[in-house]
Amino acid sequence: MKIKYQIFLSLLFLLSWAAAAHAKLNIVASTPDMGAIAKEIGKDKVEVTNIAKPTEDPHFVDAKPSFIVKLNKADMLIEGGLQLEIGWLPNLVVGARNQKILAGEKGYLVASAGVPVIEVPTTADRAMGDVHPMGNPHFMLDPVNGKIVAMHICDQLCQIDASNGAYYKDNLKGFIKRLDQKLSEWQKMLEPFRGTKIVTYHKTFPYFANRFNLNVVGTLEPKPGIPPSPTHINSLIPMMKNEGVKLILIEPFRERKTPEFAASQTGAKIVVFPIMVGGQKEIEDYLSIFDYTINQVVSALKTKS
Ligand SMILES: [Zn+2]
């Protein structure tokens, strides 16, 4: 009887040890682009949940209360910061009551920390309704910033789960190597179009444009977050004609009427740019955001209008 009991105990011990060995770290990312990088670094040691859908405007996410449960069990929360998530994430975090993911804890990561932020306004430029009051929060569309974010995620995973530190560092190395190879490919593809003038719907693409030497000369929105108005469009169209704007970049969630009108008046091409992993079936990971969209941009610029 005693022996049986001991066998039972050792089995129990083995089972709980096996469960612990396979327990994955729960990571919640505010948007799928950062979630995809967390997956690159954590691979099978992490379970990643993204709050924003890939086809949603990251400023205005319909954050379901079910995410409170995910955040309650999270070992790590990754957010972009620069007030991108200000309208929808803070309430979820308060509701989750999870000490591990609060500011200052190692389970909390603001991905924009350490990224060179552009378009930081001075107080004088601040306008009512501007959704970029801390600078442009769409930094993930420069793959070099994706690399910085990957390094942050790796550092923080190494702190939370030191026993797998070598694994995370290895994955980071592999990711950076692939990213660097791809980056020079993408730069070569876009080099013939250096300096091309483009218009975008929202200021989603300045980081992308800066990296690949495209020149954003205007936006369909008069200010970030303020919908296009007839007055603004009426002054934008002659400017687009004068400047010879070739391309209008829009995100998949935008209305099409305004860009189509501007395109019809100016001869510019519209490219729909899925800004998140999963925004298009071909976009399965962070690097394929750029593979997909750069191909689209190149073919739009190649064809003569
Ligand atoms: Zn924005």
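Residues numbered from 1 in each chain as written. Predicted model: local features only at pLDDT ≥ 70, side-chain atom pairs only at ≥ 80, totals over all residues.

Draft legend 1. Just the domain arrangement of the chain, in detail. Domain annotation of the chain identifies domain 1 (16-183) and domain 2 (189-302). Taking only C-alpha atoms into account, the centre of domain 1 sits 26 Å from that of domain 2. With 30 residues of domain 1 at the interface, the matching set in domain 2 holds 24 residues. Looking at the side of domain 1 that touches domain 2 element by element, the count peaks at five residues for helix H2 (residues 32-42). Taken together, the residues that form the side of domain 1 that touches domain 2 break down as 12 nonpolar, nine polar and nine charged. (Domains from an automatic or database assignment. Contact = placed C-beta atoms within 7 Å. Helix = DSSP H or I, 4+ residues; strand = E, 2+ residues; numbered from the N terminus. Nonpolar A, V, L, I, M, F, W, Y, C, P; charged D, E, K, R; others polar.)

Draft legend 2. Inspection of the sheet that holds strand S6 (residues 215-219) at higher detail. Read from one edge to the other, the open sheet built from four strands follows the order S6-S5-S7-S8, with strand pairing classed as parallel. Two strands lie at the open edges of the sheet, namely S6 and strand S8 (269-272), each paired on one side alone. The mean inter-strand angle of the sheet, taken between neighbouring strand axes irrespective of direction, is 30°. For strand S5 (residues 197-200) and S6, the ladder comprises four bridges, and the chain directions are parallel. Bridge pairing in S6 links lysine 197 to asparagine 215. Its contacts with the sheet place helix H10 (residues 286-302) against strand S7 (247-250) and S8, and it is angled at close to 170° to S8. (Pairing = 2+ DSSP bridges. Axes fitted to C-alpha atoms, helices over the stretch in contact; angles between N-to-C directions.)

Draft legend 3. Representation of the sheet that holds strand S1 (residues 25-29). The four strands lie next to each other as S2-S1-S3-S4, forming an open sheet whose pairing is parallel. Of all the strands in the sheet, just strand S2 (46-50) and strand S4 (108-110) have a single pairing partner and so form its edges. Between one strand and the next, the sheet's axes are offset by a mean angle of 20°, whatever the strand orientation. The pairing of S1 with strand S3 (residues 76-79) spans three bridges and is classified as parallel. Its bridge partner lying in S3, isoleucine 27 is registered against methionine 76. Along the sheet face, H2 touches S1, S2 and S3 and points at about 175° away from the line of S2.

Draft legend 4. Just the pairing of S1, in detail. The buried fraction of S1 amounts to four of the five residues, a majority that puts the element mostly inside the structure. Both S1 and S2 contribute to a ladder of five bridges, which runs parallel. If you follow asparagine 26 over to S2, its bridge partner there is glutamate 47. This β-α-β element, S1 to H2 to S2, shows right-handed connectivity. (Buried ≥ 20, exposed ≤ 12 C-beta atoms within 10 Å, placed from the backbone. Right-handed = clockwise from strand over helix to strand, strands pointing away.)

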